[in-house]
Amino acid sequence: LPIERIKADLIRIKEHTNCVRIYSVEGSFYNMAEVTDELGMDLIVGAWIEHDEKKNDIEVARLGKLLKENHPSIKKVVVGNEVLAFERQPVEGLIDYIKYIKQQTTVPVGYADLYQTWKTEEAEDVAYYADFVGLHIFPYYLNATYDQARQAHIYTFEDIQAEMRKKFGKET
């Protein structure tokens, strides 16, 4: 996408929120930080991690390069999205990517996955190296009413938050 299109989209989004998350820095997403800087928005930037280690290495190097540009809008970094849930990489490989990115920035670096995944031993290993954990909650899969979905969100969040505090002294 041309940078003008990205800017136009973000101006519309800014009417509703001051923060956006991107899952990759591939292609035109690399330029997102330039625009969020200009618009005074916050950006949570990510590296998409998949089965292909060669692609992962390129993605992580690209993210490291972007972080060295010291964009003030970048507030957090998420290395990987549901990597463990979908078995895209072994836990050791994911941890190595997180450690590498943490060496490239002073911005908090974390990982995001599904509720069920955070209940596993592998996810605990990843959480140990992360500055924060991202929790994906999808109550609409339960065919729930609004009130039921709201309660599911609260329960899920509080459950994982309590676990992370107990084990690591970290917030979700």
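Note that the structure is a prediction, hence the values are computed from the model and not measured.

Q: Could you clarify how one ought to interpret the overall build of the protein in this entry?
A: When helices and strands are counted, the protein shows seven helices and five strands. Moving toward the C terminus, one meets the helices and strands of the protein in the order α-β-α-β-α-β-α-β-α-α-β-α. Overall, the protein is about 40 × 40 × 30 Å in size when its C-alpha atoms are taken along their principal axes. Counting every position in the protein, which comprises 172 residues, the buried fraction comes to 45%. Of all intrachain contacts in the protein linking residues separated by at least 6 positions in sequence, the fraction that spans at least 24 positions is 64%. Counting every atom, the protein has about 9800 Å² of accessible surface; 51% of that belongs to carbon and sulfur. Side chains of the protein carry 21 positive and 29 negative charges; the gap between the two charge centres is 4 Å.

Q: Honestly, the sheet that holds strand β2 (residues 42-47) in this entry has me stumped. Any pointers?
A: Each strand in a sheet pairs with its neighbour through backbone hydrogen bonds, running either in the same direction (parallel) or in the opposite one (antiparallel). With parallel pairing, the five strands of this open sheet are ordered in space as β1-β2-β3-β4-β5. If you trace the sheet from one side to the other, it starts and ends with β1 (19-21) and β5 (132-136), each paired once. Taken over all neighbouring pairs, the strand axes of this sheet differ in orientation by 25 degrees on average, direction set aside. In this sheet, strand β4 (residues 109-114) lies alongside strand β3 (residues 74-81) in parallel orientation, the contact comprising three bridges. Bridge assignment links Val-77 to a residue of β4, and that residue is Val-109. Along the sheet, helix α3 (residues 53-68) makes contact with β2 and β3, crossing β2 at roughly 150 degrees.

Q: Help me understand helix α4 (residues 91-104) in this model?
A: Spacing of three or four residues puts side chains on the same side of an α-helix, whose turn is 3.6 residues. In a regular helix each residue adds 1.5 Å, so 14 residues correspond to 20 Å; α4 covers 20 Å between its end C-alpha atoms and thus fits that length. Among the residues making up α4, those that are buried are Val-91, Gly-93, Leu-94, Ile-95, Tyr-97, Ile-98, Ile-101 and Gln-104. Buried positions along α4 lie against α3, β3, β4 and α6 (121-129).

Q: Looking at this model, I keep getting lost on the pattern of salt bridges. Mind explaining?
A: A side chain with one charge can pair with a side chain of the opposite charge if their charged atoms come near. For the coordinates displayed, the defined rule picks out eight salt bridges. Its salt-bridge partner being Lys-7, residue Glu-38 comes within 2.3 Å of it at the nearest N-O pair. On the criterion of sequence distance, the pair formed by Glu-38 in helix α2 (residues 32-39) and Lys-7 in helix α1 (residues 3-14) is long-range, its members being 31 residues apart. Residue classification places Lys-7 among the partly exposed residues on the basis of a relative accessible area of 29%. We note a salt bridge from Glu-59 to Arg-62, for which the minimum N-O separation is 2.9 Å. Here Arg-62 and Glu-59 lie together in helix α3, a separation of three residues that amounts to about one turn. Several salt bridges converge on common partners, so that one network encompasses Lys-119, Glu-124, Asp-159, Glu-163 and Lys-167.

Q: So what exactly am I meant to see when it comes to α3 here?
A: An ideal rise of 1.5 Å per residue puts 22 Å on 16 residues; α3 measures up with 22 Å between its terminal C-alpha atoms. Listing the buried residues of α3 in full gives Asn-56, Glu-59, Val-60, Leu-63, Gly-64, Leu-66 and Leu-67. Down the axis of α3, the buried side of the element spans an arc of 160 degrees, and every buried residue falls inside it. Along α3, exposed side chains directed more than 90 degrees from the buried face belong to Lys-54, Lys-65 and Lys-68. Looking at the buried side of α3, the elements it contacts are α2, β2, β3 and α4. Regarding α3, its N-cap is Asp-52, as a side-chain oxygen of that residue lies 2.9 Å from the backbone nitrogen of Lys-54 further along.

Rules and cut-offs
- Residues numbered from 1 in each chain as written.
- Predicted model: local features only at pLDDT ≥ 70, side-chain atom pairs only at ≥ 80, totals over all residues.
- Heavy atoms only, no water.
- Helix = DSSP H or I, 4+ residues; strand = E, 2+ residues; numbered from the N terminus.
- Buried < 20%, exposed > 50% of the residue type's maximum accessible area, 1.4 Å probe, protein only.
- Contact = heavy atoms within 4.5 Å.
- Areas by Shrake-Rupley, 256 points an atom, 1.4 Å probe, with all protein chains shown as cover.
- Lys, Arg positive; Asp, Glu negative; His and termini not counted.
- Charge placed at Lys NZ, Arg CZ, Asp CG, Glu CD.
- Pairing = 2+ DSSP bridges.
- Axes fitted to C-alpha atoms, helices over the stretch in contact; angles between N-to-C directions.
- Expected span 1.5 Å × (residues − 1).
- Salt bridge = Lys/Arg side-chain N within 4 Å of Asp/Glu carboxyl O.
- Arc of directions from axis to C-beta.
- Polar contact = N/O pair within 3.5 Å; in protein donor to acceptor, adjacent residues only side chain to side chain.

Read these as layout, nothing more, since geometry by itself doesn't imply function.
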